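Residues per chain are reported as follows:
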Amino acid sequence: MLSVGYPSQNLARVVVWEWLNEHGRWRPYSAAVCHHIENVLKGDPRGTVVLGQVDPQLAPYIIDLQSMHQFRQDTGTMRPVQRNFYDPSSAPGKGVVWEWENDTGSWTPYDMEICVTIQNAYEKQHPWLDLTSLGFCYLIDFNSMAQTNRQSQRKRRLRRRMDLAYPLTMGSIPKSQSWPVGPSLGQPCSCQQCILVNSTRAASNAILASQRRKVYAGTNGASGTLTIVRQSNTFAGTTLWSAASSVSSSSAKPEQVQPPGALSTFPRLPPPPAPTAVSGQNNLNRPGTQRTAIVSTRGSIPPGVPALPVKNLTGSGPVHPALAAGMTGILMCAAGLPVCLTRAPKPILHPPPVNKSDLKPVPGVNGIRRKMKKKQLRKGKNPEDVVRRYMEKVKVIPDEDCTICMERLATASGYDGVLDHKGVKPELVGKLGKCGHMFHFLCLVAMYSNGNKDGSLQCPTCKAIYGEKTGTQPPGKMEFHVIPHCLPGYPECKTIRIVYDIPTGIQGPEHPNPGKKFSARGFPRHCYLPDNEKGRKVLKLLIVAWDRRLIFTIGTSNTTGESDTVVWNEIHHKTEFGSNLTGHGYPDPNYLDNVLTELSAQGVTEESLKD
């Protein structure tokens with residue numbers, strides 16, 4: 001049960017710290033993280049919380065208690081945080097966590113408000129719970145422990161587990177005046193992380209101090225208008241500034257500014273000329289029932305206020321982009337210029353919704369999907385026979401090195417004694433038929449034996465492919481169709497959408513760790529091509545690459561560093577539909593030619609379409 005308003009002096013409450021995600025929903029930190037934040041809060045109400053000290057997965061994140069924002073140090077992304085209160089008898093007070101199973105097979109906790117509601121229904125032994133009243137079209141069935149989407153009828157498992165209880169607090173909630181904007185006490189640390197934190201805080205303090213001094217006034221005919229610039233409702237939102245309501249009167253005498261209907265995240269700062277201060281409430285003490293106010297009261301940037309993005313700042317210099325943003329904010333404030341910290345534009349990953357009736361087959365392409373079931377690798381002949389198929393004997397051996405074992409071709413192979421192949425002389429040298437590069441016969445046998453063993457051979461020098469190369473892509477599904485929308489740069493044609501879907505599974509003998517489970521993050525993955533002649537050609541070749549298991553492989557993600565996961569396999573795809581902020585979108589006039597080159601490097605060419 002959520003607390004309503006301010007609790008009494010001696011009322012105990014459970015404290016849950018939450019952060020605002022990109023969908024406008026407050027997501028709870030774990031109980032261990034909340035205990036850590038509360039401990040830091042007791043020692044220094046204006047301090048900084050390093051979340052990585054309690055949860056290694058949160059190593060990039062810190063919380064600035066003074067501005068009530070979570071800051072990601074490697075990207076500069078800032079998100080609002082809040083301190084919420086619940087009844088000690090509720091789910092967080094008992095350490096009960098309700099979670100649902102996501103597409104990757106891992107478990108995601110519900111929002112705390114939903115968790116509390118589910119636990120209340122569970123304790124009352126209700127057979128089911130409808131979450132429509134909370135804005136979600138889900139039905140919870142406690143008998144089967146499943147969540148059902150009322151629209152799609154898709155079911156997901158859910159579970160109830162016990163964890164550490166959230167921290168308990170006593171006494172009254174501090175008023176907003178208890179959280180002043182000012183410098184921290186003590187000697188600052190000189191480590192890179194603290195420099196980053198202090199620069200961000202300094203920029204925030206300078207902006208807030210500038211706000212106290214700035215009063216924007218103008219006249220409109222005979223009436224005077226007073227417009228006060230105040231803090232907006234979120235530091236990580238569209239803007240840090242918003243124009244308060246303008247008040248007009250028959251004279252130029254200043255009037256008290258009326259606050260908007262919803263509460264501000266930060267205390268509203270009174271302008272010096274105004275006779276009455278505007279009261280407000282710090283986000284740290286916002287009751288849970290007011291959680292939606294922050295989303296509905298975002299203001300606009302006053303004319304002439306420069307915007308300073310804090311994310312996606314590029315540069316190769318030694319200064320961290322977020323640190324550069326903070327330093328720039330300080331200098332602009334010192335010069336008397338108003339500063340607006342803005343969020344960088346988000347990529348448009350998906351097109352507008354499309355009805356199933358509007359999905360059309362791709363002209364000239366048979367079918368709309370390709371499935372690849374789990375199958376054993378094709379067993380080619382023994383390695384010696386495969387190598388002999390593509391090699392020719394060399395009578396006159398040149399005075400050069402074998403690029404596999406790095407021994408002279410005139411001497412024995414470096415694999416002599418390592419591989420036991422009867423009847424094969426270690427001095428035997430041959431050349432590949434297409435490219436003419438020369439190697440020890442035994443070296444090529446060793447290279448083939450360490451590869452996919454699919455009957456194909458690839459020259460280690462020039463990458464020429466002999467035979468039909470196949471990969472190690474795990475089982476999955478590939479769908480493709482035309483949607484009635486245009487890609488940027490291709491206004492004259494519709495769009496081909498490709499949907500790849502690969503589930504988690506167990507690695508086979510061709511994978512890095514046979515028998516071990518692999519993950520599949522981000523599926524289904526949507527990719528886009530223009531529906532023109534060249535785009536259809538690329539699609540046909542991608543279908544061939546899919547059938548040969550060349551689109552994906554299992555390895556280590558360059559993005560997250562996670563191992564034993566499904567990753568792209570050197571054939572680039574466009575996953576951004578309406579923009580090109582990440583480099584994986586349109587317009588990109590060279591993309592189709594580039595991907596044709598990448599497909600050719602995998603042995604997928606126009607000749608493959610004739611087979």
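Residues numbered from 1 in each chain as written. Predicted model: local features only at pLDDT ≥ 70, side-chain atom pairs only at ≥ 80, totals over all residues. Heavy atoms only, no water.

> Please explain the pairing of strand S31 (residues 525-530) as it appears in this structure.
If a strand is regular, its side chains alternate between the two faces of the sheet. Across the six residues that make up S31, a large majority, five, are buried. The sheet contact formed by strand S28 (residues 495-501) and S31 spans six bridges and is antiparallel. Its bridge partner lying in S31, Arg497 is registered against Tyr528. (Buried < 20%, exposed > 50% of the residue type's maximum accessible area, 1.4 Å probe, protein only. Helix = DSSP H or I, 4+ residues; strand = E, 2+ residues; numbered from the N terminus. Pairing = 2+ DSSP bridges.)

> Explain the side chain of Asn569 here, please?
Tracing the backbone through its elements, the reader meets Asn569 in the loop between strand S33 (565-568) and helix H10 (591-601). The class for Asn569 is buried, based on a relative accessible area of 17%. When neighbours within four sequence positions are excluded, Asn569 is seen to be in contact with Leu550, Ile551, Phe552, Thr553 and Gln602. (Contact = heavy atoms within 4.5 Å.)

> Just checking my understanding: could you explain helix H3 (residues 112-123) for this structure?
The periodicity of an α-helix, 3.6 residues per turn, causes residues three or four positions apart to be oriented the same way. End to end, H3 covers 16 Å across twelve residues, agreeing with the expected 16 Å (1.5 Å per residue, within 8%). Where H3 ends, the next residue or the one after it, Gln125, has phi of about 60°, a positive value. (Expected span 1.5 Å × (residues − 1).)

> Teacher, can you tell me more about the environment of Leu129 here?
As for its placement among the helices and strands, Leu129 is situated in strand S9 (residues 128-130). The sequence separation of Leu129 and Phe142 amounts to 13 residues, and the corresponding C-alpha distance is 8.0 Å. In this view, Leu129 contacts Thr117, Ile118, Ala121, Tyr138, Leu139, Ile140 and Phe142; residues no more than four positions away in its chain are not counted.

> Honestly, unusual backbone geometry in this entry has me stumped. Any pointers?
Both trends apply: most residues other than glycine have a negative phi, and most peptide bonds are in trans. A cis amide bond links Phe523 with the next residue in sequence, Pro524, at an omega value of 0°. Assignment of secondary structure puts Pro524 in the loop between strand S30 (517-518) and S31. Going from Tyr586 to Pro587, the amide bond is cis rather than trans, its omega being 5°. Backbone geometry at Gln125 places phi at a positive 60°, although glycine is not the residue there. Residue Gln125 is classed as exposed on the basis of its relative accessible area, which comes to 71%. Backbone geometry at Arg549 places phi at a positive 65°, although glycine is not the residue there. Among the structural elements, Arg549 can be located in the loop between helix H9 (533-547) and strand S32 (552-555). Among the residues examined, Arg549 registers a relative accessible area of 8% and is labelled buried.

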